[in-house]
Each structure stands twice: as structure tokens, then as C-alpha cells.
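A closer look at the structure
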Amino acid sequence: MSQARRHLRPALFLAAVSARVATTGVAARRGLSAWPAPQEPGMEYQDAVRALNTLQTNAGYLEQVKRQRGDPQAQLEAMKLYLARSGLQVEDLDQLNIIHVTGTKGKGSTCAFTERILRSYGLKTGFFSSPHLVQVRERIRINGQPISPELFTKHFWPLYHRLEETKDSSSYASMPAYFRFLTLMAFHVFLQEKVDLAVVEVGIGGAYDCTNIIRKPAVCGISSLGIDHTSILGDTVEEIAWQKGGIFKRGVPAFTVLQPDGPLAVLRDRAQQISCPLYLCPPLEALEEGGPPLTLGLEGEHQRSNAALALQLARCWLQQKDYRGIGELKVSRPSLLRQMPLAPVFQPTTHMRHGLRDTEWLGRTQVLRRGPLTWYLDGAHTASSMQACVRWFRQALHRRPRPSRGSEVLVLLFNSTGDRDPAALLKLLQPCQFDYAVFCPNLTEVSTVGNADQQNFMVTLDQVLLRCLAHQQHWSRLAEEQAGPEPGEPTSSLLAPHPPEPRSASSLVFSCISHALLWISQGRDPVFQPPSPPQGLFAHPVAGSGAGVLREAAAIHVLVTGSLHLVGGVLKLLEPALSQ
């Protein structure tokens, strides 16, 4: 089928849907969702999440994206059809005053900083992000808080039924995949709840992402770029930069942080082609100069780049809305850097300072201190973000108070999913010199019955356990390359009849997160106090000897990383209030 015909069919279907909506009298007045959202009787939040989970076709959806990589317009046309069937037109999204953000590393943190800054001005904010850590409603936030189970249910069922009623056998009228559905739902929620602005984080990429249906954002931002999702976005950082730059719109200001020369040149050319004014953010030090240092609510040196981008996005939005008190300029004349105009250098206002200080973004450079245990949680899953995670973790260890007596034990809890290179990520973690490495799937329990938020129908337990075993093998090989076997000692501690003292090769695989935490904590976390472990859970020689070491340690430092879904499962168990 020719490209023209491929675009013609969805265009004709879109016209038919639009006509159907108009003639049945259910079209929205401009700017409001077309249908009211009454509470669905007898349908609870968990019922809504189970229905949502039936749309978990992400694997098939991503395969489709790969096939259409050179034709992002097909993705946007499909999203327009879903939007029309939901009762909205693309023009309805214009009034949301959207700040659209993409990137490889730090886009979520940038969004969190931006939303919190603008909320400190008294604005009612919407925030759409992914993935969720504990409950799916975290993806859609009003004033920084996940929408309540009641509000989620209230908006979910009318949209779900509306799309069910308008589907047919045509591939252009199917049910949208999981992420697309949540994107549609976020738009409806933000319109009906009448937010002053919405911060929208791109899912994957930019050019073909379903959030790119937004035609008139107020401002766009691109955080640090690197290699990720190569099977979809391309094999080089320049190809990835081209995809990310797909969110640029004609005449809409955009900002990016300092990037390597190659991807920066791609972004610059992409912006120039469509007359998008693109600015390079000055470092945070330039904004701090002459004033008190800025305090960030998120730990880690790499968060300074995200905060610098967030300040520019927030200031640009406020300037468009003629707000006063947006920061006095320090440099009156525009300057160039890397052949790009430099964004304004200004004095951050009190509101901006408070916003940066009060930003919370769970699972990113987060620390939980529980008795002798300290949990370090960071969802790093790319090479660049893992490098930043390791720097943050090692700096945090350097600053830690040392026990006056007794040993300290370092534990890694790791998992990696998708097409990422786990061996490369694990190699970056080697300098931390962990005593134990623990691997498990992103499952809080072996069975997820009764826990719809954590269900994943895309993989089987066997598949994820085999991947964990592969991670363990990578780790063992890296340890052997680094240290080599001791004379007369088996090359793997797992094969030793009498396990040696803890060393970097000591590793374990558990079938779920709760079992991994049971072994790591040994009942010493005052909050995580589950029932007794299943019989035989710690029968493995390394598990048995390690249990004694962990019980006697004066301090246990646990880094949880490699996957945001893993971090979310850990948080669900360590912070039960997040599930309420």
C-alpha cells in the first residue's frame, strides 16, 4: 500500500468519526470533554485497573512502532482517531497550556521540578508522566498529587465505554493500547478539572510518541540525551536526537541542556527547519551567581541540569502569561554558545527557589533510612543515568555516618528489562564494590492476584526469571574478570561447597521482590515486617551464610536500581502508605 493511501484511510475514518460525534449531539463545546463523567455504579478502582490491563499490548504496539519508524505521521493519525472517538478534537488540547518535555535522562525529574515551581505560584497544575511506581493513578496528577481512586474511576469508565462503543473490525477503530489510553484519559481529566497548565512527559522518543498529538504547546524542553530504546529510536545518539526533536513546533520556544556536539547539531537543525526558536540552558551556577545557592529537593549532581532546564521552562511559561516576578535578568544582551542562542540568565525568584526545594519525585535518587538499613532507590536504566546513579550513591556513602563498631555491608538489588544492555549497566556498578548482588523480576509477589496495579501480561514468570539468571551470569563474569579466582577456590562462589567470605561474586536470584527484601532485611527493617519466609527460601549456601552476615552487620546499604518498575515494587513494600 502506498504511503498516500495509508494516510488516506485513517483520514477518511477520522472524518466519519467526527461527523458521527457531531450528528449525535454529543460533541463537546470547545475545551471540555464531550461526555460527563458520572461515577460508574458497582465499579471499583481495582476493576478499572483490571480493565485497563486488558489493553497491555505494549509489546505488539512497540513492534508496530518499529515497522513505522520512518513514518511517524501514521502514529499521530492513529492517535487523532482515538481522540475523536473519545469526544475531543486536537484543537481542544490547545487550551491546556501544555509544557511538553522529552529526553533520555532526567525528563521525569525536569517535569517534576517544573510542575512544582509553577504550583508555588498558586497555579492549578496537571502532570502526566510514566511509568508509575506503585499505582497507575500516579501517572495523572493534579497539583502534584496522584488523582484519587475515586477520580480515576470516575473518568475511566465513560472513556473506556465510549471507545468500546465506537470500535469495529477495522484496525483504525480498535481499542487503544495501554499508554495511549492513559494519554487520552489524562487530557480528559485535565480539561474537566480545569487545570491552569499541564506538564506532559513524552513516553518514548518524541516524533512518533502519542503525546505528540499536541499541536500548540506553550513551550518544549529536551533533557540530557543518550542511548536508549535503540530498536525503536535508532542506534546512534544523533538518530535519537532527531526523534526527540520531533516535539518541536513552529514558533513554539524550546529549551535544551548542554549536549554533545553531534546531537546538539541535530536538534539545532531540526528546530531551524520548522522555525522553532531553540535555546541552550546556561548551567545552574550562572543563575546562582550573586545570590544564595539553590537547594534542590532531589539529590544528585545530575539533578542540577534538570533544575536548570525546569527554571527556563517555568519562566518562559510565566512570561507568556504576563506574570510579574519571573526573575530579574542578569545579562541584558543575548549570547551564543555552540552556535545556539543562550537562554536568559536571571535571578530565580522566591517562588522558584521554594519550588526547587520542595520538589519530590519518588524513586529517583531517593533515600530511606530504617534502623540499620539504608535504602538507596534510583530507577536508572540507561548508561548515562547509571553513571549518574553510581556517582550519587558513592557520594552518599562517602557522607554517611560510620558506625563506631561492627561491619557495614553493601548490597545491590538489580533488574533490567526491554532491549537494554544489562552487562553494560552492571559493569558501571562494579566500582561500588558490593558485597552481595541480588537479582529478581519486577514482581512484588510471585502471584499478582488482587494487585492489579502491578500486573504485567507481556511476560511470563519463566521469561523474567531466565533474564535474572542471565544478569547473575553477567555479574559473575565481571567479578571474575576484575579479581580472578583465588588459588584453589572455585571460580563461582555459587558452586563452592563452603561459601567464602562475602565478595563481589556472591550473588543470588529470587523469584520476586518480597523474597529478595526478606533476605536483605533479615527482619531488621522496622516497617517491612512480612510473615515468616517460605520454607527453604534461604537454603542456598550463599543465602545461608549471607543471612548471618546481614543479621550481624552494624549497617546495611542497599542500592536498588536498573528499572523504575523494580524501584516501584520495592517502594510498595517499604512504604505501604503509597498503596492506600
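In this text the structure is predicted, and so the values were computed from the model without any measurement. (Residues numbered from 1 in each chain as written. Predicted model: local features only at pLDDT ≥ 70, side-chain atom pairs only at ≥ 80, totals over all residues. Heavy atoms only, no water.)

**Things to note about the overall build of the protein chain**
Scanning the protein chain from terminus to terminus reveals 19 helices and 16 strands. Expressed as a percentage of its 580 residues, the buried residues of the protein chain come to 57%. Taking contacts inside the protein chain between residues at least 6 apart in sequence as the whole, the part at least 24 apart equals 79%. (Helix = DSSP H or I, 4+ residues; strand = E, 2+ residues; numbered from the N terminus. Buried < 20%, exposed > 50% of the residue type's maximum accessible area, 1.4 Å probe, protein only. Contact = heavy atoms within 4.5 Å.)

**Looking at the confidence of the model for the protein chain**
Put simply, the protein chain has an average pLDDT of 84, and 81% of its residues get 70 or more. This model gives residues 1-39 a pLDDT under 50, and the stretch forms 68 contacts once residues within four places in sequence are excluded. Across residues 487-504, where pLDDT falls below 50, the model places 30 contacts with residues more than four positions away in sequence or in other chains. (pLDDT = per-residue confidence, 0-100.)

**Some words on the sheet that holds strand E14 (residues 436-439)**
In spatial order, the strands read E11-E12-E16-E13-E14-E15; together these 6 strands make up an open sheet with mixed pairing. If you trace the sheet from one side to the other, it starts and ends with strand E11 (366-370) and strand E15 (507-509), each paired once. With direction set aside, neighbouring strand axes in the sheet form an average angle of 20°. Strand contacts of helix H14 (residues 383-399): E11, strand E12 (373-377), strand E13 (408-414) and strand E16 (555-561), with the helix running at about 165° to E16, the strand carrying the most contacts. (Pairing = 2+ DSSP bridges. Axes fitted to C-alpha atoms, helices over the stretch in contact; angles between N-to-C directions.)

**Looking at unusual backbone geometry**
Among all residues except glycine, the phi angle is most often negative; among peptide bonds, the trans geometry is most common. Of note, the amide linkage connecting Ser130 to Pro131 takes the cis form, showing an omega dihedral of -5°. Despite not being glycine, Gln522 has its phi angle at roughly 50°, a positive value. Assignment of secondary structure puts Gln522 in the loop between helix H17 (513-521) and helix H18 (541-552).

**Side note on the packing of aromatic side chains**
Considering all chains together, one arrives at 19 aromatic pairs under this definition. Geometrically, the ring pair formed by Tyr45 and Phe152 is edge-to-face, given 5.4 Å between the ring centres and 80° between the ring planes. In this pair, Tyr45 is assigned in helix H2 (residues 45-53) and Phe152 in helix H6 (residues 149-165), connecting sequence segments 107 residues apart. You can call Tyr45 buried: its relative accessible area is 9%. Ring centres of Trp317 and Tyr323 lie 6.3 Å apart, and the angle between their planes is 45°; this geometry places the pair in the tilted category. Classification of Trp317 by relative accessible area gives buried; the value is 2%. For Tyr323, a relative accessible area of 31% puts it in the partly exposed group. Between Arg270 and the ring centre of Trp242, over which it is positioned, the NZ or CZ distance is 3.7 Å. The lysine or arginine in question, Lys321, covers the ring of Trp317, its NZ or CZ lying 5.6 Å from the ring centre. (Phe/Tyr/Trp six-rings, centres within 6.5 Å; stacked < 30°, edge-to-face > 60°. Lys NZ or Arg CZ within 6 Å of the ring centre and 35° of its normal.)

**Here we look at the pattern of salt bridges**
Opposite charge on two side chains permits pairing when their charged atoms draw close. Applying the stated criterion across every chain, the model contains 15 salt bridges. Across the salt bridge formed by Lys80 and Glu77, the nearest N and O atoms sit 3.8 Å from each other. Residue Lys80 and its partner Glu77 are both found in helix H4 (residues 72-85); the two are separated by 3 residues, about one turn of the helix. Owing to a relative accessible area of 12%, Glu77 belongs among the buried residues under this scheme. As a salt-bridge pair, Lys167 and Glu164 come within 3.3 Å of each other at their nearest N and O atoms. (Salt bridge = Lys/Arg side-chain N within 4 Å of Asp/Glu carboxyl O.)

**Considering the sheet that holds strand E3 (residues 140-142)**
The sheet built from 8 strands is open, its strands ordered E4-E3-E2-E5-E1-E6-E7-E8 with mixed pairing. Of all strands in the sheet, those with a lone pairing partner are strand E4 (145-146) and strand E8 (278-280), marking the two edges. With 4 bridges connecting them, strand E1 (residues 98-102) and strand E6 (residues 219-222) associate as parallel partners. Looking at E6, one finds that Ile99 is bridged to Val219. Against the sheet, helix H7 (residues 178-192) makes contact with E1, strand E2 (125-128), E3 and strand E5 (197-201), and its axis sits at roughly 15° relative to E3, the strand it touches most. In this fold helix H12 (residues 303-320) packs onto E1, E5, E6 and strand E7 (254-256), with an angle of close to 175° to the strand it touches most, E6.

**Digging into the nonpolar core**
Counting 44 residues, the largest nonpolar core has Leu52, Phe152, Phe156, Phe181, Met185, Phe187 and Phe190 as its most contacted members. When contributions to this core are tallied by element, the ones reaching two or more residues are H2, H4, E3, H6, H7 and E5. The element that contributes the greatest number of residues to this core is H7, accounting for 11 residues. Excluding residues that lie within four positions of it along the chain, Phe152 makes contacts with Tyr45, Ala48, Val49, Leu52, Val136, Arg137, Ile147, Leu182 and Met185. Membership of the second largest hydrophobic core comes to 40 residues, among which are Ala112, Ala218, Leu294 and Ala308. (Core = buried A, V, L, I, M, F, W, Y, C linked by side-chain atoms within 4.5 Å.)

**Re the pairing of E13**
The buried fraction of E13 is high, at 6 of 7 residues. Inspection of the sheet shows E13 paired to E16 by 7 bridges, in the parallel sense. Each bridged residue has a counterpart across the sheet, and for Leu413 the counterpart in E16 is Val560. In this sheet, E14 lies alongside E13 in parallel orientation, the contact comprising 4 bridges. In the sheet register, Val411 faces E14, and the bridge partner there is Tyr436. Considered for its hand, the β-α-β crossover made up of E13, helix H15 (residues 422-429) and E14 is right-handed. (Right-handed = clockwise from strand over helix to strand, strands pointing away.)

**Thoughts on the layout of surface pockets**
Empty space within the second largest pocket amounts to approximately 520 Å³. Counting only elements with at least two residues in the lining of the second largest pocket, the list comes to helix H5 (107-119) and E4. The greatest single-element share of the lining of the second largest pocket, amounting to 4 residues, is contributed by H5. Taken together, the residues of the lining of the second largest pocket sort by class into 10 nonpolar, 7 polar and 10 charged. (1 Å grid on protein atoms, 1.4 Å probe; cavity = no way out; pocket = protein on both sides within 12 Å on 5 of 7 lines; lining within 4 Å. Points joined across faces, edges and corners; volume = space filled by probe spheres on them. Nonpolar A, V, L, I, M, F, W, Y, C, P; charged D, E, K, R; others polar.)

**Notes on the UniProt feature "binding site: ATP" (unreviewed entry) in the protein chain**
UniProt feature "binding site: ATP" (unreviewed entry): in the numbering of this structure it lies at Arg364 and Asp378. Of the annotated set named above, Arg364 line the second largest pocket. Assignment of secondary structure puts Arg364 in the loop between helix H13 (350-358) and E11. A relative accessible area of 12% means that Arg364 is categorised as buried. Ignoring sequence-local partners within four residues, the contact set of Arg364 consists of Ser109, Leu133, Leu377, Asp378 and Leu564. Relative to the elements of secondary structure, Asp378 occurs in the loop between E12 and H14. Owing to a relative accessible area of 6%, Asp378 belongs among the buried residues under this scheme. Look past the residues within four positions of Asp378 in its chain and what remains in contact with it is Gly363, Arg364, Thr365, Cys389, Trp392, Val560, Thr561, Gly562 and Val567. In terms of polar contacts, Asp378 uses its side chain to reach the backbone amide nitrogen of Thr365, at 2.8 Å. (UniProt positions renumbered as here; feature names shortened; annotations may be inferred. Polar contact = N/O pair within 3.5 Å; in protein donor to acceptor, adjacent residues only side chain to side chain.)

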